[in-house]
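Coordinate inspection notes
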Amino acid sequence: SNVVAGEAGGITQHIGAYQVERDGHRITFIDTPGHEAFTAMRARGANVTDIVVLVVAADDGVMPQTVEAIDHARAADVPIVVAVNKIDRENADINHVLQQLSERGLVPEAWGGDTIVVQVSALQNIGIDDLLEQLNVVAEIEELQASPEGRARGAVLEANLEAGRGPVANLLVESGTLRVGDPIVAGAAWGRVKALIDDHGDQVKEAPPSTPVQVLGFSEPPAAGDEFRVTSDQTTARTIGEARERRYRVAGHAPSPTAPGARLEDLFEQIQRGEAATLNLILKADVQGTLEAITDSLRKLERPDVKLSFVHRGVGGITENDVQLAVASNATIIGFNVR
């Protein structure tokens, strides 16, 4: 984290994202992939990341949570850049890590694949510049661009109620420019932007695309993953917000649009209509051997009109993470001999 030392009280305003500058380009890091907001965002169809940086420790190698992160990134359909960290450790085994990544379909460029792998040591500040450079290269290849013109829109990273400040939302601007005084709506929350605070805790007047900011002025905290938009005036923002609140109340819960991939119940109807259906699966088993055996058995059940897609496979009990990933990718969870 490129934190300015002389900040108020030396504390970083934690807004779940921060910016660094490299060769005149700004790169925004969102440090939330591990937590549920990331999954909740995808479940609502808000894909806030353009590139995933997968951090793997050189001494630990690929761990179960690394596999989970790879599956999340693939489900979000974004390019993956691997950062092999802790290369300064005595027991670092980089070749072993590259081998494990290759087994997961991330073949390094050095081995003839197309995955960018950068060796870094966060502690010794080795390879960080190289990583930033590679991210700029990927951004250029992927043509990641947004216009600062027009009304701002983007996604809510997270939000909460703070004593003395009221509802506070951390937003990421995706296009347009967000300014103080703009009427704004996100989900059922609406209001006028009273203040914008950047990742260093400084007040700013405006936030162009890809800028993470903290916003004060909402009527209530919006939900993580809600899309925010600037409206023509505050009355419009209020009307939209209140209409949504009524709709949520009638529905009894906040909506969650369905992702591609059929639910088990709908599969039969799709087949009868003569459509090809894809069944997304999350598979958990007690041991690795069983996991492979069940995967093979399920693969044999595939037919021309029913394709199977394994969103995530792992060993151990079914966790809350699995359920959130299932919601995000509209998958069916199958557990074999696990709690």
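Presented here is a report on the structure given in the accompanying data block. (Residues numbered from 1 in each chain as written. Predicted model: local features only at pLDDT ≥ 70, side-chain atom pairs only at ≥ 80, totals over all residues. Heavy atoms only, no water.)

Focus on the overall build of the protein
Along its length, the protein carries eight helices and 17 strands. Counting all 339 residues of the protein, 42% fall into the buried class. Considering only intrachain contacts with a sequence separation of at least 6, the fraction spanning at least 24 residues in the protein is 69%. Counting every atom, the protein has about 18,000 Å² of accessible surface; 49% of that belongs to carbon and sulfur. (Helix = DSSP H or I, 4+ residues; strand = E, 2+ residues; numbered from the N terminus. Buried < 20%, exposed > 50% of the residue type's maximum accessible area, 1.4 Å probe, protein only. Contact = heavy atoms within 4.5 Å. Areas by Shrake-Rupley, 256 points an atom, 1.4 Å probe, with all protein chains shown as cover.)

A look at the environment of V62
Tracing the sequence through the fold places V62 in the loop between strand 3 (52-57) and helix 2 (64-76). Residues V62 and H96 lie 34 residues apart in sequence; the distance between their C-alpha atoms is 9.3 Å. Apart from the residues within four sequence positions on either side, V62 is in contact with V56, V67, Q100 and L101.

What to know about the sheet that holds strand 16 (residues 306-315)
Taken in spatial order, the three strands of this open sheet run 16-15-17, and their pairing is parallel. In this open sheet, the two strands that pair with only one neighbour each are strand 16 and strand 17 (332-336). Averaged over all neighbouring strand pairs, the angle between strand axes comes to 25 degrees, with direction disregarded. Across five bridges, strand 15 (residues 277-285) lies against strand 17 in parallel orientation. (Pairing = 2+ DSSP bridges. Axes fitted to C-alpha atoms, helices over the stretch in contact; angles between N-to-C directions.)

Considering the side chain of T231
Mapped onto the secondary structure, T231 falls in the loop between strand 14 (227-230) and helix 5 (234-251). Here T231 falls in the buried class, since its relative accessible area comes to 8%. Within the structure, the side chain of T231 is placed 3.0 Å from the backbone oxygen of D233, a separation counted as a polar contact. Excluding residues that lie within four positions of it along the chain, T231 makes contacts with R151, P183, I184, V185, T236, A237 and I240. (Polar contact = N/O pair within 3.5 Å; in protein donor to acceptor, adjacent residues only side chain to side chain.)

What about the sheet that holds strand 3?
With parallel pairing, three strands are arranged side by side in an open sheet as 3-4-5. Edge positions in the sheet fall to strand 3 and strand 5 (116-119), since each has one partner strand and no second. Strand-to-strand twist of the sheet, defined as the mean angle between neighbouring strand axes without regard to direction, takes the value 25 degrees. Inspection of the sheet shows strand 3 paired to strand 4 (residues 80-85) by six bridges, in the parallel sense.

Quick look at the pattern of salt bridges
A complete count under the given rule lists 13 salt bridges for this structure. Note that D129 and R22 form a salt bridge whose closest N and O atoms lie 3.4 Å from each other. Placement of the pair is D129 in helix 4 (residues 128-141) and R22 in strand 1 (residues 17-22), with a sequence separation of 107 residues. Judged by relative accessible area, which is 16%, R22 ranks as buried. R22 serves as the salt-bridge partner of E133, at 2.5 Å between the closest nitrogen and oxygen. With E133 in helix 4 and R22 in strand 1, the pair connects residues that are 111 residues apart, well separated along the chain. (Salt bridge = Lys/Arg side-chain N within 4 Å of Asp/Glu carboxyl O.)

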